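# Chain and residue survey
Next come the chains, spelled out residue by residue.
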Amino acid sequence: RRMERTVEGVFRGIVGDDARTFLGFVPAVEVREAPMPFAYAATGPRVVLSTGLLRRLGNDDELAFVLAHELGHLLLHHEERFERAAFDGTNRSLEVLIQSELDADRVALRLLDGSPFSADSAPLVLAKLAGGARGRFRPELFPSLARRIG
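Sequence order as written defines the numbering, with residues in each chain counted from 1. Local features in this predicted model are restricted to residues whose pLDDT is 70 or higher, and side-chain atom pairs enter the listing and the counts only when it is 80 or higher, whereas totals over whole chains, interfaces and linings include all residues. Where side-chain values are given, they derive from all heavy atoms of the structure, hydrogens and water being excluded.

## Brief notes about helix α1 (residues 2–15)
- By definition, any uninterrupted DSSP run of H or I lasting at least four residues is a helix, any uninterrupted run of E lasting at least two residues is a strand, and each is numbered from the N terminus. Given a helix with a known number of residues, its expected span is that number minus one, times 1.5 Å. Compared with an ideal rise of 1.5 Å per residue, which puts 14 residues at 20 Å, α1 spans 20 Å between its outermost C-alpha atoms and is within 8% of the ideal.
- Exposure is judged per residue with a 1.4 Å probe applied to protein chains only, and the accessible area is read against the type maximum: over 50% gives exposed, under 20% gives buried, and values in between give partly exposed. Among the residues of α1, those classed as buried are V7, V10, F11, I14 and V15. Down the axis, α1 shows its buried residues gathered within 120° of arc, on one side only. Facing away from the buried side of α1 by over 90 degrees, the exposed positions are R2 and R5.
- The criterion used for residue contact is that any of the two residues' heavy atoms lie within 4.5 Å. Of the surrounding secondary structure, the elements contacted by the buried residues of α1 are α2 (19–23), β1 (28–32), β3 (46–50), α3 (51–56), α4 (60–75) and α6 (93–113).
- Note on α1: the residue one or two positions beyond its end, G16, has a positive phi of about 85°. When we speak of the arc, we mean the arc of directions from the helix axis to the C-beta atoms.

Here's what the structure looks like:
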């Protein structure tokens, strides 16, 4: 329960007391019990974070970057973009995925700029998560760390 309270507090620090006014929608933010570190945005809209991820992050600034990044995916309608790319016959899915990650990083930095959280930890968060989920990480599916923070 402590993790959920922390996530809720950081979320409110990013969007304020009225998510609908700030974002245009109110996403559900869920914490899932799982040892693997993961976070994702999905229709609903919702953001899902694993307890494995929350244990790996070092402070609220790092959590804020992850939350803001996932909110970026929602704000930019990336799930719809992935679906279109997957079925448009051009085989651009990988290109769209990589660009979507970069775009979500940029939105995250903008969201954090107006919050009480520092974006300075973004490179550290990206480096921490670049190791992926114990061998399941597929580096070819994500932009390089240098490209994300360069």
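## Some words on the nonpolar core
- Residue types Ala, Val, Leu, Ile, Met, Phe, Trp, Tyr and Cys, when buried and joined through side-chain atoms within 4.5 Å, form a set referred to as a nonpolar core. Counting 29 residues, the largest nonpolar core has I14, L49, L63, L67 and L71 as its most contacted members.
- For this core, the elements supplying multiple residues, two or more each, are α1, α2, β3, α3, α4, α6 and α7 (122–129).
- Of the residues forming this core, the biggest block, eight residues, is contributed by α4.
- Apart from residues lying up to four places away in sequence, I14 is in contact with F22, A64, L67, A68, L71, L111, L112, S115 and F117.

## Focus: the pattern of salt bridges
- Salt bridges, as used here, are contacts in which a Lys or Arg side-chain nitrogen is within 4 Å of a carboxyl oxygen on Asp or Glu. Evaluated as defined, the whole model comprises six salt bridges.
- With its nearest N and O atoms 3.2 Å apart, the salt bridge here joins E30 to R32.
- A single salt-bridge network, built from bridges that share partners, covers E30, R32 and R46.

## Examining the layout of surface pockets
- Considered as a void within the structure, the second largest pocket measures approximately 190 Å³ in volume.
- Here the term cavity refers to a set of points on a 1 Å grid, laid over the protein atoms alone, in which a 1.4 Å probe fits but cannot get out; the term pocket refers to an open set having protein on both sides within 12 Å along at least five of seven lines, with lining residues being those that place an atom within 4 Å of a point. In terms of lining residues, the second largest pocket is bounded by R2, M3, T6, L54, L57, G58, N59, D60 and L63.
- Elements that contribute at least two residues to the lining of the second largest pocket include exactly α1 and α4.
- It is α1 that provides the largest number of residues to the lining of the second largest pocket, a total of three residues. Grid points are joined across faces, edges and corners, and a volume is the space filled by probe spheres set on the points.

## Topic: the pairing of β3
- Judged by how many residues are buried, β3 sits mostly within the fold: four of five residues are covered.
- The criterion for strand pairing is that DSSP finds at least two bridges linking the strands in question. Summarising the sheet, β1 and β3 pair through five bridges and their orientation is parallel. Residue pairing in the sheet places E30 in a bridge with V48 of β3.

## Description of the environment of V125
- Inspection of the secondary structure puts V125 in helix α7.
- Relative accessible area serves as the criterion here: at 1%, V125 is assigned to the buried category.
- Residues V125 and L63, spaced 62 residues apart in sequence, show a C-alpha to C-alpha distance of 8.5 Å.
- Not counting residues up to four positions away in its chain, the partners in contact with V125 are L57, E62, F65 and V66.

Keep in mind these values describe shape, not function.
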